[in-house]
Amino acid sequence: MLRRSVPLRRSAALFAALAIGSAAAAGCSSADAPGRDGGSVPPPSASVSGPVPVTSVPAPGTASAPSVPGSSAATDPGSGPAPATPSAGPPSVPAAAASVDVRGTVTDGLESPWGLAVLPGGDLLVSGRDDARILHVSAKDGTRTAAGTVPGVTPGGEGGLLGLALSPGFAADHRVYAYLSTASDNRIVRLDYDPAAPAGARLGEPVVLLAGIPHGPRHNGGRIAFGPDGLLYAGTGDANDRSLSQNRDSLGGKILRLTPDGAAAPGNPFPGSPVWSLGHRNVQGLAWDPQGRLFASEFGQDTWDELNLITPGGNYGWPTVEGTAGRPGFVDPLAQWHTADASPSGIAYASGAVWMAALGGARLWRVPLLGDRPAGAPQEFLAGAYGRLRTVTADRDGTLLVVTDNTDGRGDPRPGDDRILRLTVTDR
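### So, the sheet that holds strand S11 (residues 207-213)
As summarised here, the arrangement of the four strands in space is S8-S9-S10-S11, forming an open sheet in which the pairing is antiparallel. The open sheet is flanked by strand S8 (161-166) and S11, the only strands paired with a single partner. Between one strand and the next, the sheet's axes are offset by a mean angle of 20°, whatever the strand orientation. For strand S10 (residues 186-192) and S11, the ladder comprises four bridges, and the chain directions are antiparallel. Following the sheet pairing, arginine 190 is matched in S11 by valine 207.

### Remarks on the pairing of strand S27 (residues 420-427)
Across eight bridges, the pairing between strand S3 (residues 98-107) and S27 is antiparallel. What sits directly across from aspartate 101, in S27, is threonine 424. Pairing analysis gives four bridges linking strand S26 (residues 400-404) to S27, with the strands arranged antiparallel. In the sheet register, valine 402 faces S27, and the bridge partner there is leucine 421.

### Overview of the packing of aromatic side chains
Going through the model one piece at a time under the given rule, you end up with six aromatic pairs. Seen in terms of ring centroids, tyrosine 233 and tryptophan 288 are 5.0 Å apart; in terms of plane orientation they differ by 70°. Their pairing is edge-to-face. Of this pair, tyrosine 233 sits in strand S13 (residues 232-235) while tryptophan 288 sits in strand S16 (residues 283-288), and the two are 55 residues apart along the sequence. One exposure class covers both tyrosine 233 and tryptophan 288, and it is buried. Here tryptophan 337 and tryptophan 365 contribute two aromatic rings whose centre-to-centre distance is 5.8 Å and whose plane-to-plane angle is 55°, an arrangement assigned as tilted.

The rules we used
- Residues numbered from 1 in each chain as written.
- Predicted model: local features only at pLDDT ≥ 70, side-chain atom pairs only at ≥ 80, totals over all residues.
- Heavy atoms only, no water.
- Pairing = 2+ DSSP bridges.
- Helix = DSSP H or I, 4+ residues; strand = E, 2+ residues; numbered from the N terminus.
- Axes fitted to C-alpha atoms, helices over the stretch in contact; angles between N-to-C directions.
- Phe/Tyr/Trp six-rings, centres within 6.5 Å; stacked < 30°, edge-to-face > 60°.
- Buried < 20%, exposed > 50% of the residue type's maximum accessible area, 1.4 Å probe, protein only.

In structure tokens:
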């Protein structure tokens, strides 16, 4: 097994632009240019610095730390268990610095991998964006077995078979959820998974739970995850139509909160709507801390990529603003990066920090947190070592699983690409 020690790297300009705002995101917007997954190439004249941690104050009328409305989730049938309750007392302070050790490669030879789910026994399911296949990967020896091909997927641009999630009751119901693109929309489907069936025939017919999510050649979002409340969250994109993000009647440019059957979840901020937050450009990362706070990564356009703390009903500014500006009515990001350093896709919470996989930045970012605030400077790992990073997931033993994505047409494939890496984290 490969074992590689990766030293800590820090940006020289880390705290140069610390901003404290009342509520908003800011920046400039310009015509999109191809070259970044979900974003655009920074203009040649743009200065590129490291991440800028910012103090974020929620928009008026929102909680200082997001908590899922407890009363409806606990009492409405089918809404799942009550959300996690923040623990009493002051939060523990995470280590200001950490080191990462690449323990080895779980498997390699993947084609355009996107979503990743950890099965109860430790094996993995991984989705292929362009071939619409779900593979079963043995955690013991990395053997890949085709679970099946998801029908109805139309790959192209940034669309295809994207995020995966397991039912909270997967051990009993064997249900897998997937976010996928068709010729006309993005949608969320549910499939039964039978591990005892022959290879290639382990997936049941997809049941469409939610259709009509706007689809385009770019900005399709695609990450799905079950929260601590037992409800399904989905990050969507603006499908290259900026007007959708501020339109509460559109599913584009939003974070959605659904029941396991795809209905708008009880307790959502806009009654009868699946919309949980709006004003997003392209959300591909969702993760919760132990107190039930939701964090999301977001592709910017030319200037700022973001890590956001999500509040119910919060408006994150796109396309009016990009990054931090302190404008009333909008929520500022917790941290932001110039687009050359990030292009963030999947995120995970582990060891007191949010970990963020960067595509264009070709590195893994760590953002230590103290409650709902950054606890120190973001750190970067693996810079350039494995190319584009699509997904990061916390495994049950505390290690991190990182999925590379160099075979999607925008990377520079290396022998063995693409691969799933296993990382250990040590506080320093």
